[in-house]
Amino acid sequence: MTEKFAYIETFGCQMNERDSEIMGQLLSDDDFAPTEDIYQADVIIVNTCSIRAKAEQKAYSLLGRLKRMKQKNPSLVVAVAGCVAQQDGKKLLKRMPFVDLVIGPQNIYNLPGLIKNLPEKTGKNGNIKVWDRLSPAFEIPPFLPAVDKGSPFKRFVTIMQGCNNYCTYCVVPYTRGREISRKFEDIVHEIEHLANSGIREVTLLGQNVNSYGRDRSGKQHHTFPDLLQAVAGIDGIKRIRFTTSHPKDLSEELMRCFAELDKLCPHFHLPVQSGSNKILKKMNRKYTVESYLDKVRKLKEYRPDIALTTDIIVGFPGETDKDFGATMELLDTVRFHGAFSFKYSDRPHAKSSSLIEKVPEEEKSVRLNQLQARQEEITQERHREYIGSIMEVMVEGESKSAAGQWSGRTTTNHIVNFDSPAILIPGQTAAFSAMVNWCRPSMSGASKS
Ligand code: SAH
Ligand code: SF4
Ligand code: F3S
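Please read all numbers here as calculations on a predicted model, not as lab measurements. (Residues numbered from 1 in each chain as written. Chains lettered and ligands numbered in written order. Predicted model: local features only at pLDDT ≥ 70, side-chain atom pairs only at ≥ 80, totals over all residues. Heavy atoms only, no water.)

(A) Quick peek at the sheet that holds strand β11 (residues 267-269). What the 3 strands build is an open sheet, ordered β11-β12-β13; its pairing is parallel. This sheet does not close on itself; its edge strands, each paired only once, are β11 and β13 (338-343). Each neighbouring strand pair of the sheet contributes to a mean axis angle of 15 degrees, computed without reference to strand direction. Two strands pair when backbone bridges link them, and strand β12 (residues 307-314) and β13 are joined in this way by 6 bridges, in the parallel orientation. Within β13, the position partnered with D311 by the bridge is F340. Sitting on the sheet, helix α12 (residues 361-384) touches β12 and β13, and the angle it makes with β13 is about 175 degrees. (Pairing = 2+ DSSP bridges. Helix = DSSP H or I, 4+ residues; strand = E, 2+ residues; numbered from the N terminus. Axes fitted to C-alpha atoms, helices over the stretch in contact; angles between N-to-C directions. Contact = heavy atoms within 4.5 Å.)

The following block contains the structure:
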């Protein structure tokens with residue numbers, strides 16, 4: 001039998017990255033070897049993101065290219081997964097009839113079977129289209145496949161799917177469905193298994209990890225801090241991270257974990273979105289600037305060295321100069337270590353799409369540039385505060401940007417390059433001495449899309 005290959009292109013967040021790993025592993029168990037060369041592939045999966053219009057366009061433009069590849073090679077299987085797949089479903093098939101499979105985030109676990117059941121392609125009429133609705137009865141499978149490729153020492157671990165928050169700008173509740181927590185024992189079991197196979201760092205993933213542990217009726221079985229404590233008890237795991245948290249659900253119990261659990265890294269990504277209470281209300285975020293600041297203050301009491309990062313949207317409908325000014329002020333009040341900032345984008349189903357007081361595109365660009373310029377200054381100032389200190393890094397490997405140096409990540413999530421006379425092994429920890437001109441942190445990145 002000639003070897004078959006699968007190529008996966010991933011857009012979007014860590015949840016999509018983890019889903020791609022799962023699909024890749026399921027396919028590899030089913031005799032489709034992974035390939036980085038799209039032209040070698042027998043199966044191409046496009047794992048899409050729909051968070052902003054630009055993300056969706058990227059997926060469609062790749063699919064446009066795949067159409068030509070498929071014309072030349074009709075036996076190529078093209079599957080579209082992820083949030084655009086869920087969002088557009090049948091519409092996507094109508095627009096792109098050469099696509100063989102459309103699978104939403106809940107269906108990835110069936111991928112090999114779906115591919116197997118595709119009939120021999122006989123041109124236009126041979127294609128099967130699969131499009132399943134999100135199911136309220138969906139459960140995350142008990143044991144998700146570990147991956148052979150990727151980092152030898154760190155992994156993402158899905159702990160929940162979906163979101164119940166309905167921020168008015170956001171498509172996620174419609175593409176990922178209602179919030180579903182994975183079973184506590186399944187998660188712990190998976191991480192024990194990972195630790196036994198050499199994994200040292202795990203990042204627990206969910207759209208809103210703070211509300212982990214509720215069942216469909218809303219009954220709380222475990223809390224997220226319970227889970228953190230259990231993971232911290234697993235031998236071999238040295239570092240624990242998580243993403244993402246909603247400020248409204250950030251409990252004092254979780255904050256206390258930062259003081260009590262040494263393995264929990266002192267980095268917190270806490271999306272604020274806006275510094276104006278009026279806009280936060282229109283976004284349905286369910287907190288105020290004051291309550292957000294209060295939580296930031298408490299977090300710092302529990303863990304003074306905590307590095308805070310955030311997400312900000314500029315140009316939400318109805319955002320005036322004054323509202324934007326309040327967001328700029330918030331940057332100076334909190335002095336985040338990094339911020340991801342975005343121009344507001346209308347999304348299908350999102351309530352804010354029907355708001356009429358749209359901010360013109362040029363104005364959004366002006367605001368975004370202004371915000372990113374100020375945040376960049378703050379990030380650099382934050383940076384300089386570390387000069388003279390010794391930080392623990394987990395070694396990633398040899399630096400790609402600086403020959404002869406090593407690259408590692410601090411507990412605060414800064415990527416740094418450093419010298420070492422000794423040969424280092426990825427996953428081991430080392431000491432890094434922060435001097436003038438140390439490398440820029442990865443988390444100061446900001447997107448213009
Ligand atoms: N679940 C996470 C965020 C997921 S999306 C949370 O609630 O924090 C990541 C970020 O994309 C959001 O925090 C928000 O800043 C941005 N975003 C989401 N929808 C958007 C839209 N319609 N336009 C612009 N940015 C958006
Ligand atoms: Fe979207 Fe809000 Fe849910 Fe985050 S919390 S995924 S922004 S609806
Ligand atoms: Fe994008 Fe879906 Fe993640 S919309 S950000 S891939 S949850």
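(B) Examining a positive patch on the surface more closely. On the surface, R65, K67, R68 and K72 cluster together to form a positively charged patch. Accessibility expressed as a relative area gives 77% for K72, which makes it exposed. (Patch = residues over 30% accessible without salt bridge, like charges linked within 9 Å, V, L, I, M, F, W, Y side chains within 5 Å. Areas by Shrake-Rupley, 256 points an atom, 1.4 Å probe, with all protein chains shown as cover. Salt bridge = Lys/Arg side-chain N within 4 Å of Asp/Glu carboxyl O. Lys, Arg positive; Asp, Glu negative; His and termini not counted. Charge placed at Lys NZ, Arg CZ, Asp CG, Glu CD. Buried < 20%, exposed > 50% of the residue type's maximum accessible area, 1.4 Å probe, protein only.)

(C) Main features of the confidence of the model for the protein chain. In the predicted model, the protein chain carries a mean pLDDT of 89, and 92% of its residues have values of at least 70. Ignoring residues within four places in sequence, the model shows residues 121-128, a span with pLDDT below 50, making 16 contacts including any to other chains. Confidence drops under pLDDT 50 across residues 442-449; counting only partners more than four residues distant or on other chains, this segment forms 36 contacts. (pLDDT = per-residue confidence, 0-100.)

(D) Highlighting the sheet that holds strand β5 (residues 101-103). The sheet built from 5 strands is open, its strands ordered β2-β1-β3-β4-β5 with parallel pairing. What marks the edges here is a single partner per strand, and that holds for β2 (32-34) and β5. Taking the axes of each pair of neighbouring strands and ignoring which way they run, one obtains an average angle of 25 degrees across the sheet. Strands in contact with helix α3 (residues 82-95) are β3 (43-48), β4 (77-81) and β5; relative to β5, the strand with the most contacts, it is inclined by about 135 degrees.

(E) Main features of the environment of I387. Position of I387 among the secondary structure elements: in the loop between α12 and β14 (390-398). The class of I387 is partly exposed, set by a relative accessible area of 34%. On a C-alpha basis, the gap between I387 and M435 in space is 5.0 Å, while along the polypeptide they are 48 residues apart.

(F) Summary view of the environment of K322. Locating K322 in the fold gives a position in helix α11 (residues 321-334). Look at K322 and you get exposed, because its relative accessible area is 72%. The spatial distance from the C-alpha of K322 to the C-alpha of S276 is 8.4 Å, given a sequence separation of 46 residues.

(G) Expanded view of empty space enclosed by the protein. All chains considered together, the criterion is met by 2 cavities of 30 Å³ or more. Taken as a whole, the largest cavity spans an internal volume of roughly 50 Å³. In this structure, the largest cavity is lined by R18, F143, L144, P145, A146, V147, R155, E190, H193 and L194. At 3 residues, helix α6 (residues 184-196) tops the list of elements feeding residues into the lining of the largest cavity. Along the lines of polarity and charge, the residues of the lining of the largest cavity split into 6 nonpolar, 1 polar and 3 charged. Every residue lining the second largest cavity is listed: M15, D19, T158, M160, Q161, G162 and R176. Breaking the lining of the second largest cavity down by element, the ones donating at least two residues are α1 (14-29) and β7 (160-161). Residues of the lining of the second largest cavity, tallied by class, amount to 2 nonpolar, 3 polar and 2 charged. (1 Å grid on protein atoms, 1.4 Å probe; cavity = no way out; pocket = protein on both sides within 12 Å on 5 of 7 lines; lining within 4 Å. Points joined across faces, edges and corners; volume = space filled by probe spheres on them. Nonpolar A, V, L, I, M, F, W, Y, C, P; charged D, E, K, R; others polar.)

(H) Highlighting the site of ligand 2. Taken together, C163, N165, Y166, C167, Y169, C170, V172, P173, Q207, H246 and R285 make up the full set of residues adjacent to ligand 2. Per-class residue counts for the shell around ligand 2 are 7 nonpolar, 3 polar and 1 charged. (Near = heavy atom within 4 Å.)

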